[in-house]
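Below, each chain spelled out in residue letters.
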Amino acid sequence: MKAIAQDEFGDADVLRVQELPDPRINLDGVLVEVRAAGVNPVDLLVRMGHVKDLAPHHFPLVPGWDVAGVVREVGPAVEGFAPGDEVFGYQRKDHVQHGAYAELIAATERGLAHKPAALSFAEAGGLALAGLTALQSLRRVGVSEGDAVLVHAAAGGVGHLAVQVARILGASRVIGTASPRNHDFLRGLGAEPVAYGDALVDNVAELVGGDGRVDVAFDCAGGAALNDSPALVRDPARIVSIVDVNVLALGGRYCYAKPVRADLDWLAEHAGSGALKVAVQQTFPLAEAAEAHRLLEGRHVRGKVVLTV
């Protein structure tokens, strides 16, 4: 099969088209013909070797944990999937090597769900990791009916889905930080936009009114945004970050997405109904994965970047 693989850690130039053996599946595995693979910030960290101490990495290394495609083959122990099924999923494994930037991936059953017919493969390819991150993080801090939720970096891959997930979970207000060029985009998702920066606390307080605080702060940015969060929430235990473990020292929670089939089914249900929309800023053919990484490194992506196969 053709795949994008790297033989060393480094900049985007280490990503090259290679011919690799077709993957083989275990008794409980699912062989998927990849149609789309989401590009996520973690892929950049993997490529550069910044997370090599968290899990074993092996070369040639095919990046990518987000996938959408068509089932080619299933192991005899697999239930619920059959050849020809359109699927999407989150395929993080204990060893980092056999990812989704390829024509084929040996997928785990627990990290797959059926693709909603209403979603294109590109949209489904950008849904799983960011969607799971948003859903599991907001559940972690108990978002429910009537909550006011602040999402830092709300126009990004996780952020734009978190805005919508918070609404589905019952939040009465969702406030999202973003640059002014993305404010109309956030309004279209049902969020109240606010500019980030040195005046963030005052800007949110003015928008919220009353005591100037929200119920939940969801941090997709880190740094100053996270440091401002204790002044923005009524209870620091309802701060959750996906980028900075220092949130724990503030009394908040840290969340790292897990491949949970029931949560993927939840995302599929709401994406299929139209309540949850995946904004894909740009797609790239598989061979241009390095260009997709460079775009993401520019840190101005609205929604998702996806490779098509």
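Conventions adopted
- Residue positions within a chain follow its written sequence, with the count starting from 1.
- Under the rules for a predicted model, residues below a pLDDT of 70 receive no local features and side-chain atom pairs below 80 are neither given nor counted, while totals for whole chains, interfaces and linings still include all residues.
- As a rule here, side-chain values cover all heavy atoms of the structure and leave hydrogens and water aside.
- Helix and strand definitions follow DSSP, with helices as H or I runs of at least four residues and strands as E runs of at least two, each counted in order from the N terminus.
- Burial classes: relative accessible area under 20% of the type maximum marks a residue as buried, over 50% as exposed, and values in between as partly exposed (1.4 Å probe, protein chains only).
- Within 3.5 Å is the distance limit for a polar contact, defined as a pair of N or O atoms, with the added protein rule that one can donate a hydrogen and the other accept it, and that residues adjacent in sequence qualify only through two side-chain atoms.
- Each axis is a line fitted through C-alpha atoms, and for a helix only the stretch in contact is used; angles between axes span 0 to 180 degrees, taken between their N-to-C directions.
- When an angle is under 35 degrees it counts as roughly parallel; over 145 it counts as roughly antiparallel; between 65 and 115 it counts as roughly perpendicular; any other value is oblique.
- We call a crossing left-handed when the near helix sits turned anticlockwise from the far one by less than a right angle, and right-handed when that turn is clockwise.
- We call two residues in contact whenever any of their non-hydrogen atoms come within 4.5 Å of each other.
- Polar here means any residue other than Ala, Val, Leu, Ile, Met, Phe, Trp, Tyr, Cys and Pro, which are nonpolar, and Asp, Glu, Lys and Arg, which are charged; Gly is therefore polar.
- Residues belong to a common nonpolar core when they are buried Ala, Val, Leu, Ile, Met, Phe, Trp, Tyr or Cys residues joined through side-chain atoms within 4.5 Å.
- Per residue, pLDDT measures the predictor's confidence, with a range of 0 to 100.
- Salt-bridge detection follows one rule: a side-chain nitrogen of Lys or Arg within 4 Å of a carboxyl oxygen of Asp or Glu.

J.: Looking at this structure, I do not really get the environment of valine 42. What am I missing?
T.: Position of valine 42 among the secondary structure elements: in helix α1 (residues 41-48). With relative accessibility at 16%, the residue valine 42 sits in the buried group. When the C-alpha positions of valine 42 and proline 63 are compared, they lie 9.4 Å apart, and in sequence the two are 21 residues distant.

J.: Looking at this model, I keep getting lost on the side chain of glutamine 136. Mind explaining?
T.: Inspection of the secondary structure assignment puts glutamine 136 in helix α3 (residues 128-140). Residue glutamine 136 is classed as buried on the basis of its relative accessible area, which comes to 11%. A distance of 2.9 Å separates the side chain of glutamine 136 from the backbone nitrogen of lysine 258, its partner in a polar contact.

J.: Which parts of the structure should I look at to understand unusual backbone geometry?
T.: Excluding glycine, residues mostly have negative phi values, and the peptide bonds linking residues are mostly trans. Between phenylalanine 59 and the following residue, proline 60, the backbone shows a cis peptide bond with an omega angle of -5°. Considering the arrangement of structural elements, one finds proline 60 in strand β4 (residues 57-62). Although it is not a glycine, alanine 153 sits at a positive phi angle of roughly 60°. Relative to the helices and strands, alanine 153 is located in the loop between β10 (148-152) and α4 (157-168). Judged by relative accessible area, which is 29%, alanine 153 ranks as partly exposed.

J.: Where do I start with the packing of α3 against α4 in this structure?
T.: To characterise two packed helices, one gives the angle between the axes of the helices and the distance between these axes. With their axes 8 Å apart at the nearest point, α3 and α4 run at an angle of 50° to one another. Classed by the angle they form, the pair α3 and α4 counts as oblique. For the pair α3 and α4, the crossing hand works out as right-handed. Listed contacts from α4 to Ala130, Gly131, Thr133, Ala134, Leu135 and Leu138 of α3 are Gly157, Val158, Leu161, Ala162, Val165 and Ala166. Tallied by class, the residues present in the contact of α3 with α4 amount to nine nonpolar, three polar and no charged.

J.: Before we go on, may I ask you to explain the nonpolar core in this structure?
T.: Grouped burial of nonpolar side chains is what soluble globular proteins tend to show. Residues Phe88, Leu127, Leu138 and Phe218 are the most contacted members of the largest nonpolar core, which totals 58 residues. With seven residues, α3 is the largest single contributor of residues to this core. Filtering out sequence-adjacent residues up to four positions away, leucine 138 remains in contact with Val143, Val149, Ala162, Val165, Ala166, Leu169 and Phe218. Counting residues in hydrophobic clusters, the runner-up holds 34 residues, among them Ala3, Ala102, Ile105 and Leu296.

J.: I tried to follow the confidence of the model for the chain on my own but got confused; where do I start?
T.: Do not read the fine detail of predicted coordinates wherever pLDDT is low. On average, the chain scores 97 in pLDDT, and the residues at 70 or more come to 100%. Of all helices and strands in the chain, the one with the weakest mean pLDDT is helix α6 (residues 200-208) (93), whereas strand β6 (residues 86-90) scores best (99).

J.: Help me understand the pattern of salt bridges in this model?
T.: Side chains that carry opposite charge are capable of pairing whenever their charged atoms lie near each other. Tallying each qualifying case throughout the model produces 15 salt bridges. Between aspartate 53 and lysine 52 there is a salt bridge; the shortest N-O distance is 3.8 Å. With relative accessibility at 41%, the residue lysine 52 sits in the partly exposed group. Here glutamate 291 and arginine 294 are joined by a salt bridge, their closest N and O atoms 2.5 Å apart. Placement of both glutamate 291 and arginine 294 in helix α9 (residues 289-297) is noted, with a separation of three residues, approximately one turn of the helix.

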